[in-house]
Amino acid sequence: MKVLKFGGTSVANAQNIKLVLDIVINKAKEEKLVVVVSAFSKVTDLLQLASQKAAAGDESFKDILAEIEKKHLDALKEFIPVSEQSSLLSHIKRIINHLETLLDGCFLLGELSARTSDTILSFGELLSSYIISEALKQNLKNSSYKDSRELIKTDNHFGKATVNFEVSNQLIADFFASNENQVVVMPGFIAASLDGINTTLGRGGSDYTAAIIAGALNASDLEIWTDVNGMFTANPKIVKQAQPIAFISYQEAMELSHFGAKVLYPPTIQPVLRKNIPIHIKNTFEPEAEGTYISNQEMVHTNPVKGISHIDNITLITLEGPGMIGVTGSSKRLFEVLSHESINVIFITQASSEHSICIGILNSDADIAEEAINKAFEIEILQNKIDPCIVEKNLCIIALVGENMKNHQGLSGRMFSTLGKNNVNIRAIAQGASERNISAVINERDVKKALNTLHENFFEENTKQLNLFVMGVGNVGEKFIEQIHQQKKFLKDNLKINLRVIALSNSRKMYFDEDGISLKEWQFLLETGEPADKEKFISNVKELNLRNSIFVDITANESVSKTYEQYLKRNIAVVTCNKIACASEYDNYKKLKKLSRQFNAPFLFETNVGAGLPIIDTVKNLIASGDKVNKIQAVLSGSLNFIFNNFDENNTFHDVVKEAGVQGFTEPDPKIDLSGIDVARKILILIRESGYKMEIDEIVNESFMPAECLDTTSNEAFFESLLKHASHFETIYKEALSKESRLKYVAQFENGKANVGLRFIPKDHPFYNLEGKDNIVLFFTDRYVDQPLLIKGAGAGAAVTASGIFADVIRIGNV
């Protein structure tokens with residue numbers, strides 16, 4: 001014999017009930033069945049709401065009652081021929097009338113006792129089981145209905161009664177010994193006391209009903225039919241990559257169900273565990289799916305961790321003080337107080353010094369617990385031997401569960417390291433000697449990030465998901481998104497990096513999608529977004545609180561650069577091509593670097609100097625390996641190099657600067673490039689990365705531009721000024737020709753001093769043959785004395801800058 005239990009979503013409506021009937025009819029061909037059913041979906045909630053409203057004197061309980069009545073009458077009419085409906089509809093009406101009488105009583109008395117509540121809640125299962133039983137009889141004559149209250153007996157602890165197994169097992173065995181029907185339908189969740197009063201087995205107790213029946217009958221299997229494909233490695237509503245668990249032990253299933261795995265009610269396992277009856281969790285809507293098989297069968301373990309689960313709405317209460325050290329009975333007194341208030345302790349941990357003890361309870365019990373504990377230890381508190389208990393609400397318990405974890409070293413370290421890297425602060429830790437469960441208490445706001453991070457580490461073949469928040473989608477930003485779209489599959493297959501763009505923003509609009517923006521249509525989606533708001537953007541990033549979050553700044557905006565601190569403090573990495581932050585005050589530069597280390601949030605800015613060239617990375621490696629940079633000579637502006645390589649007697653200075661802008665080599669405001677400030681910022685960053693302290697105003701900027709050009713307030717006025725001063729630029733060009741030199745804008749650092757300016761470069765100098773938009777840097781160090789370390793390559797352009805930003809993102813993925 002098999003016992004099948006169908007949950008509320010499985011019997012939510014007529015369409016779903018048809019699926020249930022098909023499953024039962026097919027299985028009944030093979031062996032006898034007991035079918036336990038829950039109330040129709042949401043009906044228990046409606047019954048609870050109606051009873052509460054009635055007790056509060058709110059007549060709207062009648063509307064809820066009418067909704068419940070209609071839901072069940074409609075279901076019955078769907079399955080029963082019109083000619084047979086009359087007596088069955090009358091039976092449903094009688095049940096509803098009884099329910100109405102009870103609710104009227106609550107309304108008149110203005111109260112709702114636990115006993116009355118149990119009776120009212122029982123109507124959900126009574127109605128659903130009766131309707132399904134009658135519907136089944138239309139197709140399977142050899143089926144019947146049995147009221148669970150006649151077989152399962154409990155004490156009078158209303159709300160969550162304790163089963164009297166001795167009496168119940170005998171009643172169940174006697175009934176089925178004489179029963180000849182192929183299928184018996186029974187209501188779940190409900191039972192009765194020995195004196196015949198309605199009781200319930202706790203929310204989710206239909207699973208328990210089925211397990212009690214299976215245990216009493218020594219059933220071959222207990223099948224729990226629900227709306228998912230078994231137990232998952234994590235809650236699939238929170239962790240999209242969660243996978244069904246094919247096989248799991250009783251103990252592992254019990255741990256996961258206790259920690260919020262909703263497909264199984266925690267006490268369910270006990271009655272079948274004693275009899276070694278396997279539990280099979282199946283999906284009503286995909287009956288062919290494998291599901292989860294729970295047994296004590298020995299299995300080959302590839303992953304020691306079977307699942308990651310959590311419990312929400314936790315409060316941590318800490319009792320501490322010198323008066324607890326070496327004093328026997330403190331823990332006993334604490335737990336007696338909680339027991340007296342009927343408060344369930346979910347989590348316990350105590351320091352070996354005995355100075356403190358920490359417990360986890362539900363938020364709803366926190367205020368009562370705080371008052372009761374402080375009262376119980378009132379004398380010690382007054383004597384300053386013990387502090388008033390510390391209460392921390394809105395926390396969450398996360399747990400790694402696995403039977404085979406005890407045979408693997410380092411799992412705890414791996415768990416806590418993974419959480420730490422994502423700035424998930426752990427408030428308390430507990431692990432039993434069986435090592436089947438490692439639990440940690442964290443802030444509730446971090447639960448999604450924590451679960452996804454741990455799942456990625458333990459179940460996803462070390463695939464690392466990176467969540468990008470991109471600000472700035474101009475020429476470089478567009479190329480960056482294009483490169484991500486092109487390389488997304490390659491990165492996932494070869495580097496195990498799953499890149500997702502969660503947010504995009506330009507100066508007008510911003511668009512967020514927590515599941516990742518479709519990069520095929522990002523421009524259209526961005527236009528449908530909300531108005532751009534820098535502060536709202538930051539707020540959204542923080543609120544999403546996704547693991548491995550990276551803010552990517554592809555602007556040249558000073559106000560955006562001032563937001564980096566907010567990101568880094570929330571463990572959000574920053575990748576930027578915006579030079580302003582690293583070229584700002586030295587103290588701010590150092591603060592950002594310090595925050596990066598403190599909060600384990602990478603701060604990468606390789607594209608600040610040389611676009612995609614590995615210049616900054618090279619400096620970092622030199623310094624890290626113990627070398628010292630003594631002198632730097634460099635052409636650091638690809639845009640200026642392009643301009644002076646193309647400026648000649650055939651191309652005016654004005655025209656060449658215009659063309660540089662068209663090709664995306666200059667900043668939107670070309671004065672930033674031509675004033676020399678951009679080059680000054682770049683050499684400043686290299687100086688600082690080389691270990692020297694310097695401010696931007698300490699760099700001598702020998703400008704070649706007329707003051708009138710630099711004082712213009714618009715691009716239009718600027719280009720007009722270039723035409724006006726054309727002879728000035730021609731004079732510079734002719735002087736270079738006369739000296740058989742080429743014009744290069746050079747940055748130099750030596751002996752603690754730095755300067756930038758236009759230089760006449762002779763033919764024998766390494767800079768002379770620098771073509772196009774290339775950059776070149778010469779590092780003279782303790783190790784590279786006679787022949788400098790030379791880095792050369794394209795130093796401007798949207799594609800190469802985007803590739804440099806992309807490389808920084810990949811660096812974070814490889815950490």
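Residues numbered from 1 in each chain as written. Predicted model: local features only at pLDDT ≥ 70, side-chain atom pairs only at ≥ 80, totals over all residues. Heavy atoms only, no water.

**Quick word on the overall build of the chain**
Part 1 of the reasoning: When you go through the chain residue by residue, the secondary structure sums to 30 helices and 30 strands.
Part 2 of the reasoning: Against the compact-globule benchmark of 28 Å for 815 residues, the chain has a radius of gyration of 36 Å, which places it well outside the compact range.
Part 3 of the reasoning: Oriented by its inertia axes, the alpha-carbon framework of the chain measures out at about 115 × 75 × 55 Å.
Part 4 of the reasoning: Counting every position in the chain, which comprises 815 residues, the buried fraction comes to 55%.
Part 5 of the reasoning: Residue pairs in contact within the chain that sit at least 24 positions apart in sequence constitute 72% of those at least 6 positions apart. (Helix = DSSP H or I, 4+ residues; strand = E, 2+ residues; numbered from the N terminus. Rg over C-alpha atoms; globule rule 2.2 N^0.38 Å. Buried < 20%, exposed > 50% of the residue type's maximum accessible area, 1.4 Å probe, protein only. Contact = heavy atoms within 4.5 Å.)

**Comments concerning helix H21 (residues 586-598)**
Part 1 of the reasoning: With 13 residues, H21 ought to run about 18 Å at 1.5 Å a step, and its terminal C-alpha atoms sit 18 Å apart, in line with that.
Part 2 of the reasoning: Taken residue by residue, H21 has Tyr586, Tyr589, Leu592, Lys593, Leu595 and Ser596 as its buried positions.
Part 3 of the reasoning: Contact partners of the buried residues in H21: helix H20 (564-569), strand S24 (603-604), helix H22 (615-624) and helix H26 (677-689).
Part 4 of the reasoning: Of the residues flanking the end of H21, it is asparagine 600, one or two places downstream, whose phi is positive at about 55°. (Expected span 1.5 Å × (residues − 1).)

**Observations regarding the pairing of strand S27 (residues 742-750)**
Part 1 of the reasoning: Bridge count for strand S25 (residues 629-635) against S27 is four bridges, and the pairing is antiparallel. Following the sheet pairing, glutamine 633 is matched in S27 by glutamine 748.
Part 2 of the reasoning: Taken together, the nine bridges between S27 and strand S28 (residues 753-761) define a ladder with antiparallel strand orientation. Each bridged residue has a counterpart across the sheet, and for phenylalanine 749 the counterpart in S28 is alanine 754.
Part 3 of the reasoning: Where S27 folds back onto S28 in an antiparallel hairpin, the turn is made up of two residues, including asparagine 751, whose phi is positive at roughly 55°. (Pairing = 2+ DSSP bridges.)

**Here we look at the packing of aromatic side chains**
Part 1 of the reasoning: Tallied over the entire structure, the rule returns 23 aromatic pairs.
Part 2 of the reasoning: Taking the centre distance of 5.1 Å and the plane angle of 50° together, the rings of phenylalanine 603 and phenylalanine 605 count as tilted. Neither residue differs from the other here; phenylalanine 603 and phenylalanine 605 are each classed as buried.
Part 3 of the reasoning: Chaining the aromatic ring pairs together yields one cluster made of Phe469, Phe512, Phe537, Phe551, Tyr564, Tyr567, Phe603 and Phe605.
Part 4 of the reasoning: Directly above the aromatic system of phenylalanine 165 lies the positively charged group of arginine 274, at a separation of 5.1 Å from the ring centroid.
Part 5 of the reasoning: The side chain of lysine 631 reaches across the aromatic face of phenylalanine 780, ending 5.0 Å from its centre. (Phe/Tyr/Trp six-rings, centres within 6.5 Å; stacked < 30°, edge-to-face > 60°. Lys NZ or Arg CZ within 6 Å of the ring centre and 35° of its normal.)

**Comments concerning the sheet that holds strand S30 (residues 789-794)**
Part 1 of the reasoning: Strand order in this open sheet of six strands is S26-S28-S27-S25-S29-S30, and the pairing throughout is mixed. Strands with a single pairing partner mark the edges of an open sheet, and in this sheet they are strand S26 (699-702) and S30. Taken over all neighbouring pairs, the strand axes of this sheet differ in orientation by 20° on average, direction set aside.
Part 2 of the reasoning: Note that S25 and strand S29 (residues 774-781) share six bridges and pair antiparallel. (Axes fitted to C-alpha atoms, helices over the stretch in contact; angles between N-to-C directions.)

**With respect to the packing of H22 against H26**
Part 1 of the reasoning: Contact geometry of H22 with H26 gives a least axis separation of 9 Å together with a crossing angle of 20°. With respect to H26, the element H22 is oriented roughly parallel. As H22 runs across H26, the sense of the crossing is right-handed. Of the residues in H26, those touching H22 at Ile615, Ile616, Val619, Lys620 and Ile623 are Ile685, Leu686 and Glu689.
Part 2 of the reasoning: Residue composition of the contact of H22 with H26, by class: six nonpolar, no polar and two charged. (Parallel < 35°, antiparallel > 145°, perpendicular 65-115°, else oblique. Left-handed = near helix turned anticlockwise from the far one by under 90°. Nonpolar A, V, L, I, M, F, W, Y, C, P; charged D, E, K, R; others polar.)

**A short note on unusual backbone geometry**
Most peptide bonds take the trans form, and the phi angle of most residues other than glycine is negative.
Part 1 of the reasoning: For asparagine 394, which is not glycine, the phi torsion reads 55° and is therefore positive.
Part 2 of the reasoning: Within the secondary structure, asparagine 394 is located in strand S15 (residues 390-401).
Part 3 of the reasoning: One non-glycine residue, asparagine 751, adopts positive backbone phi at about 55°.
Part 4 of the reasoning: Judged by relative accessible area, asparagine 751 falls into the exposed class, the value being 68%.

**Thoughts on the sheet that holds strand S8 (residues 221-226)**
Strands pair in a sheet through their backbones, by hydrogen bonds, and they do so in one of two ways: parallel or antiparallel.
Part 1 of the reasoning: Pairing is mixed in the open sheet, where eight strands are placed in the order S3-S5-S2-S1-S8-S10-S11-S9. In this open sheet, the two edge strands, each paired with only one partner strand, are strand S3 (143-145) and strand S9 (247-249). Neighbouring strand axes in the sheet, compared pairwise and without regard to direction, differ in orientation by 20° on average.

**Digging into the pairing of S8**
Two faces belong to every sheet, and in a regular strand the side chains alternate between them.
Part 1 of the reasoning: Of all six residues in S8, six are buried; the element is thus mostly enclosed.
Part 2 of the reasoning: The pairing of strand S1 (residues 2-6) with S8 spans five bridges and is classified as parallel. Looking at the pairing, phenylalanine 6 lines up with tryptophan 225 of S8.
Part 3 of the reasoning: As judged from the five bridges shared by S8 and strand S10 (residues 279-283), these two strands associate in the parallel manner. Across the sheet, residue tryptophan 225 finds its bridge partner in S10, namely lysine 282.

**Regarding the nonpolar core**
Part 1 of the reasoning: Judged by nonpolar contacts, the single largest core of 81 residues is most densely connected at Phe537, Phe653, Leu686, Phe704 and Phe779.
Part 2 of the reasoning: Setting aside residues no more than four positions away along its own chain, phenylalanine 704 makes contact with Phe644, Phe653, Leu674, His728, Phe729, Ile732, Tyr745 and Leu758. (Core = buried A, V, L, I, M, F, W, Y, C linked by side-chain atoms within 4.5 Å.)

**A closer look at the side chain of asparagine 775**
Part 1 of the reasoning: By the element assignment, asparagine 775 lies in strand S29.
Part 2 of the reasoning: Discounting residues that sit within four places of it in the chain, asparagine 775 has contacts with Gly610, Leu613, Val635, Leu636, Ser637, Gly638, Leu770, Ile791, Lys792, Gly793 and Gly795.

**Let's talk about the side chain of serine 295**
Part 1 of the reasoning: Here serine 295 shows up in strand S11 (residues 292-295).
Part 2 of the reasoning: For serine 295, a relative accessible area of 6% gives the class buried.
Part 3 of the reasoning: With sequence-adjacent residues up to four places away left out, serine 295 is seen in contact with Ile248, Ser249, Tyr250 and Pro278.

**Focus: the confidence of the model for the chain**
Part 1 of the reasoning: On average, residues of the chain score 92 in pLDDT, and 98% of them are at 70 or above.
Part 2 of the reasoning: The lowest-confidence element of the chain is helix H9 (residues 250-258), averaging 82 in pLDDT; the highest-confidence one is strand S23 (residues 573-576), averaging 98. (pLDDT = per-residue confidence, 0-100.)

**Some details on helix H14 (residues 411-421)**
Part 1 of the reasoning: Within H14 the residues assigned to the buried category are Leu411, Met415, Thr418 and Leu419. The arc that holds the buried residues of H14, viewed along the axis, is 95°, so those residues lie on one side.
Part 2 of the reasoning: Summarising the contacts, the buried residues of H14 are in contact with S15, strand S16 (426-431), strand S17 (437-443) and helix H15 (447-459).
Part 3 of the reasoning: Directly after H14, the chain includes asparagine 423, whose backbone phi takes a positive value near 60°. (Arc of directions from axis to C-beta.)

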